[in-house]
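The residues making up each chain are set out below.
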Amino acid sequence: MLIKSADDRSEDLQTLQQLLEQPGIAPQQAERIDREIRKIRAGVKAESEAAYDIDFHYKDSNNWALIHDLRIEFQGRVAQIDHLLINRRMDFWVCESKSFSQGVSMNAAGEFTSFYAGRPQGIPSPVEQNRRHIAVLQAVLASSLVALPTRLGITLGPRFHSLVLISQNARITRPVQPFDGMDTVIKSDNLRSTIESRMDKASGLDTLLSATRLIGSDTLRDVARQVCRLHRPLRFQWAAKFGVTEPAADETLAASAVHEPQAVYATAVSVPMPMPAPALTPEPPIPAAEPPVLQEPAVVAKAPAVPPPAPVPAPVAEGVEKLTTSRLGARWGLRNAAETLACLEAAGYLAPMPAGGHQLTGKAQACGAAFVEKSRHGPYFLWPADLPKP
């Protein structure tokens, strides 16, 4: 069962790309921003590949609960867990995914070297990194933040397993003399076979104890949901990080730069941990996950010499639910922002402007669509929630 998918990073990438394309940006700033973009894209690619392999084998099983992209803050420590698999025996498989598109090398001391542009460079050990993540998760589960299941008055404590998932096409060079934890570094497509092999090698006593620890699927879902509620996403104000002056919205955004309003934070968003659940109660089956919110592309353009006529805002009818273009596209099941805008234009709700972007047509205004010209995050459209898909 899938409890949580990875957080969408398209907004971060879009913001960084806008900063990179600003006129007058220093070469050093551009290099740092470009490096950050490549880092995020590589990380997203590696995590997506690993998530696909994990979901393929375990998403439809009631014996496993899957959490992707889990960030936990506890007692001044942080764990950024790429993938967490929990089974009905209370085994917690903590997985760290890495790209290493040009390969990775390890030596007998457990030191790691990756390659960029054909040149080797030392990197922190992902094995030790994952151990730190497990240490934070252990501390959280030992506290009262998660109500663990019990049997005959005895708490069924979790058992932790570490895996480092490397991209399928990456080259892995291992030392002749193994080091502690080297066997946890595997290709992402070997995940299932590795888990099954380790479970098969368990001793008879371990197998017997595992059978006595078996919990129900509803209890498994409840534990996983409690862990998922501890997720604390981290957001950056990228312009401040790279020392770039963020331009005014009316100088850089055309009407089609439709953003769903979101809060901007200069530092990490830390929300107090929830109070511990008083008791375990089975919850109804998880409803189907809503389609991800489509991130719409920002259109960066200089103000035209003669500004086009501004669209007339349509009155917003009271009591009618309104959706941004991104959420409307998600409700229609469209794949991306460009497809949503094209669909609205083809249906006669949007008309292209000479300087770029779109404006509402009379048809759109008649059905209750509205244009918000000024907001903290630039202009955007609002649509009736019941607007039928063309």
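The preceding data block contains the structure.
## Quick look at the environment of Gly-43
Working step 1: Residue placement: Gly-43 occurs in helix α2 (residues 27–58).
Working step 2: Owing to a relative accessible area of 26%, Gly-43 belongs among the partly exposed residues under this scheme.
Working step 3: Taking C-alpha positions, Gly-43 is 9.9 Å from Asp-82, a pair spaced 39 residues apart along the chain.

## Focus on the nonpolar core
Working step 1: Counting residues in hydrophobic clusters, the biggest one holds 31 residues, and the most contacted among them are Ile-67, Leu-84, Phe-92 and Leu-137.
Working step 2: Going through the elements one at a time, β2 (64–74), β3 (77–87), β4 (91–98), α3 (126–142) and α6 (217–228) are the ones with two or more residues in this core.
Working step 3: No other element matches α3, which puts six residues into this core.
Working step 4: Excluding its chain neighbours within four sequence positions, the residues that come into contact with Ile-67 are Ile-3, Lys-4, Asp-82, His-83, Leu-84, Ala-224, Val-227 and Cys-228.

## Describing the side chain of Gln-226
Working step 1: As for its position among the elements, Gln-226 is in helix α6.
Working step 2: Within the local environment of Gln-226, its side chain forms a polar contact with the side chain of Asp-222, the two groups lying 2.7 Å apart.

## With respect to the pairing of β4
Working step 1: Most of β4 sits inside the fold, with seven of its eight residues counted as buried.
Working step 2: Alignment of β3 against β4, held across four bridges, turns out to be antiparallel. When the bridges of β4 are listed, Ile-86 appears paired with Phe-92.
Working step 3: Between β3 and β4, which follow one another and run antiparallel, lie three residues, and Met-90 among them has a positive phi close to 65°.
Working step 4: Pairing analysis gives eight bridges linking β4 to strand β10 (residues 159–166), with the strands arranged parallel. In the strand pairing of β10, Trp-93 is matched with His-161.

So, how was this worked out
Residues numbered from 1 in each chain as written. Predicted model: local features only at pLDDT ≥ 70, side-chain atom pairs only at ≥ 80, totals over all residues. Heavy atoms only, no water. Helix = DSSP H or I, 4+ residues; strand = E, 2+ residues; numbered from the N terminus. Buried < 20%, exposed > 50% of the residue type's maximum accessible area, 1.4 Å probe, protein only. Core = buried A, V, L, I, M, F, W, Y, C linked by side-chain atoms within 4.5 Å. Contact = heavy atoms within 4.5 Å. Polar contact = N/O pair within 3.5 Å; in protein donor to acceptor, adjacent residues only side chain to side chain. Pairing = 2+ DSSP bridges.

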